[in-house]
Amino acid sequence: MASVELRNVTKVFDKKVTAVSAANISIKDTEFVVLVGPSGCGKSTLLRMIAGLEDISSGEIAIDGKVVNQVPPKDRDIAMVFQNYALYPHMTVYENMAFGLKLRKFSKDEITQRVNEAAEILDITHLLDRKPKALSGGQRQRVAVGRAIVRKPKVFLFDEPLSNLDAKLRVQMRTEISKLHTRLSSTMIYVTHDQVEAMTMGERIVVLKDGRIQQMDTPLNLYHYPANKFVAGFIGSPAMNFLDGELVRDDGLWFICQDLKIKMPDSRRQELESLAGTRVVMGIRPEHLSVKNTAPQTDGLHNITARLEVVEPMGNEMFLYLKAAGQILVARLNLTEKPQVNSDIAIGLDLQKAHFFNPQTEEALQVYTKQN
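The structure reproduced in this document is the subject of the present report.

About the thresholds
Residues numbered from 1 in each chain as written. Predicted model: local features only at pLDDT ≥ 70, side-chain atom pairs only at ≥ 80, totals over all residues. Heavy atoms only, no water. Helix = DSSP H or I, 4+ residues; strand = E, 2+ residues; numbered from the N terminus. Contact = heavy atoms within 4.5 Å. Areas by Shrake-Rupley, 256 points an atom, 1.4 Å probe, with all protein chains shown as cover. Lys, Arg positive; Asp, Glu negative; His and termini not counted. Charge placed at Lys NZ, Arg CZ, Asp CG, Glu CD. Pairing = 2+ DSSP bridges. Phe/Tyr/Trp six-rings, centres within 6.5 Å; stacked < 30°, edge-to-face > 60°. Buried < 20%, exposed > 50% of the residue type's maximum accessible area, 1.4 Å probe, protein only. Expected span 1.5 Å × (residues − 1). Arc of directions from axis to C-beta. Polar contact = N/O pair within 3.5 Å; in protein donor to acceptor, adjacent residues only side chain to side chain. Axes fitted to C-alpha atoms, helices over the stretch in contact; angles between N-to-C directions. Salt bridge = Lys/Arg side-chain N within 4 Å of Asp/Glu carboxyl O.

**Quick look at the overall build of the chain**
And step 1. When helices and strands are tallied, the chain shows nine helices and 20 strands.
And step 2. Overall, the chain is about 80 × 45 × 35 Å in size when its C-alpha atoms are taken along their principal axes.
And step 3. A separation of at least 24 residues holds for 66% of the contacts in the chain among residues at least 6 apart in sequence.
And step 4. Summed over its atoms, the accessible surface of the chain is roughly 18,000 Å², and 47% of this surface lies on carbon and sulfur atoms.
And step 5. In the chain, 47 side chains carry a positive charge and 44 a negative one; their mean positions are 6 Å apart.

**Points about the pairing of strand β2 (residues 17–27)**
And step 1. As judged from the seven bridges shared by strand β1 (residues 4–13) and β2, these two strands associate in the antiparallel manner. Each residue of the ladder has a partner; that of Lys-11, found in β2, is Val-20.
And step 2. Hairpin connection of β1 to β2: three residues between the antiparallel strands, including Asp-14 at a positive phi of 55 degrees.

**Side note on the packing of aromatic side chains**
And step 1. Considering all chains together, one arrives at seven aromatic pairs under this definition.
And step 2. Look at Phe-156 and Phe-158: their rings are 6.5 Å apart centre to centre, the planes differ by 20 degrees, and that puts the pair in the stacked class.
And step 3. What makes Phe-156 buried here is its relative accessible area of 3%.
And step 4. Phe-158 sits in the buried class, given a relative accessible area of 1%.

**Topic: the side chain of Asp-159**
And step 1. Along the polypeptide, Asp-159 turns up in strand β7 (residues 155–159).
And step 2. Contact partners of Asp-159, with chain neighbours within four places excluded, come to Ser-44, Leu-47, Met-80, Val-81, Phe-82, Gln-83 and Val-191.

**Details of helix α5 (residues 167–184)**
And step 1. Compared with an ideal rise of 1.5 Å per residue, which puts 18 residues at 26 Å, α5 spans 26 Å between its outermost C-alpha atoms and is within 8% of the ideal.
And step 2. Turning to α5, its buried residues number three or more, namely Leu-169, Met-173, Arg-174, Ile-177, Leu-180 and His-181. Viewed along the axis of α5, the buried residues span an arc of 135 degrees, placing them on a single side of the element. Turned more than 90 degrees off the buried face of α5, the exposed positions are Lys-168, Thr-182 and Arg-183.
And step 3. Looking at the packing, one finds that the buried side of α5 touches β3 (32–36), α3 (108–122), α4 (137–149), β7, β8 (187–192) and α6 (195–201).
And step 4. Measuring from the backbone nitrogen of Lys-168 back to the side-chain oxygen at the start of α5 gives 3.2 Å, which picks out Asp-166 as the cap.
And step 5. A positive backbone phi angle near 50 degrees is found at Ser-185, which sits one or two residues after α5.

**Structural notes on the sheet that holds strand β19 (residues 344–350)**
And step 1. Strand order in this open sheet of five strands is β15-β19-β16-β17-β18, and the pairing throughout is antiparallel. What marks the edges here is a single partner per strand, and that holds for β15 (289–291) and β18 (327–333). The sheet shows a mean angle of 50 degrees between the axes of neighbouring strands, direction not considered.
And step 2. Here β15 runs beside β19; their pairing, made up of three bridges, is antiparallel. Its bridge partner lying in β19, Ser-290 is registered against Gly-348.

**Let's talk about the pattern of salt bridges**
And step 1. A complete count under the given rule lists 15 salt bridges for this structure.
And step 2. A salt bridge links Glu-273 to Arg-269, with the shortest nitrogen-to-oxygen separation between them at 3.2 Å.
And step 3. By relative accessible area, which is 23% here, Glu-273 ends up partly exposed.
And step 4. Since its relative accessible area comes to 34%, Arg-269 is described here as partly exposed.
And step 5. The residue Lys-353 makes a salt bridge to Asp-350 at a minimum N-O spacing of 3.8 Å.
And step 6. For Asp-350, a relative accessible area of 19% gives the class buried.
And step 7. Taken together, the shared-partner salt bridges in this structure form one network comprising Lys-11, Arg-48 and Glu-54.

**Some points on the environment of Cys-257**
And step 1. With respect to the helices and strands, the residue Cys-257 is situated in strand β12 (residues 253–257).
And step 2. We classify Cys-257 as buried; its relative accessible area is 1%.
And step 3. Note: C-alpha distance between Cys-257 and Gln-352 (95 residues apart in sequence) is 18 Å.
And step 4. Those residues in contact with Cys-257, other than ones at most four positions away along the chain, are Leu-243, Asp-244, Gly-245, Ala-325 and Gln-327.

Laid out in structure tokens, this is it:
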């Protein structure tokens with residue numbers, strides 16, 4: 001297996017459209033890294049540049065310590081799994097998996113051994129004689145992964161391989177790919193627009209927006225210590241709530257947002273004192289909102305009154321869409337009874353967990369000690 005280094009990698013199309021800007025990424029040997037972001041953020045372009053399917057405009061890409069800018073895709077010792085699987089419809093599963101090895105002049109015995117080993121790992125041995133049209137979406141996805149495994153490459157690249165599967169199968173297959181990574185001890189780079197996939201699969205996650213890296217960190221650090229408002233809002237489902245307001249001194253430190261006046265807990269006053277008198281964006285995750293009569297009383301809990309507009313029962317929890325200070329807040333709660341829509345209810349905000357961002361730069365305003 002191998003490490004992958006991207007050093008100030010930039011991609012400009014037609015001399016005017018910058019798809020990727022000065023990307024610096026260091027991926028360790030055997031690491032599973034996920035590139036995540038909205039459509040058009042440059043994640044697939046980054047993957048294609050690593051694969052050699054897209055030329056880079058500037059910068060360097062190194063695989064296993066060797067700069068590969070001028071190395072053709074077939075000589076980079078990588079294997080890529082595409083979104084549409086890219087299987088040959090006239091070939092059997094065995095022939096699809098063996099095709100790349102035949103082109104590289106492997107012996108018949110070696111090809112048979114590698115295909116059978118990969119088929120056993122992926123539990124598709126019974127499908128080797130079938131053609132792609134006789135397979136389900138999940139089976140085709142396994143064959144596409146198997147075709148990559150038989151190559152025994154230094155690096156595996158996945159370009160949104162689960163996006164064509166239904167929700168239940170996506171959950172199953174992301175588990176299978178994670179198990180495969182552990183079994184093969186391989187370097188894997190995985191592209192997705194689904195932050196749930198990113199959080200559950202990646203050892204580290206690279207969050208991109210408009211061709212720029214916003215933050216690269218472990219899933220938990222991204223969740224608890226977002227570097228900016230975009231990362232805070234993109235990671236987590238439902239998304240973080242944001243309130244635009246001002247921190248002011250008045251017998252303590254208060255966050256003022258239209259007709260809401262929220263007192264900050266004494267335990268956070270020293271941390272936030274320097275921001276007094278400035279406009280800020282306060283962010284709070286849906287799970288850090290509670291119904292007043294069910295919330296434990298803590299130093300950081302502040303209650304507000306909000307209008308309940310929509311309730312989404314999710315089985316073991318409910319999503320409550322509330323209106324306060326002219327803005328919609330989402331609460332994620334474990335409730336046994338569905339609250340009355342179009343009623344005013346008291347909602348507790350756990351301000352110990354609140355985040356603050358600069359309204360102009362959108363950068364996080366707190367300094368946290370991250371977990372390793």
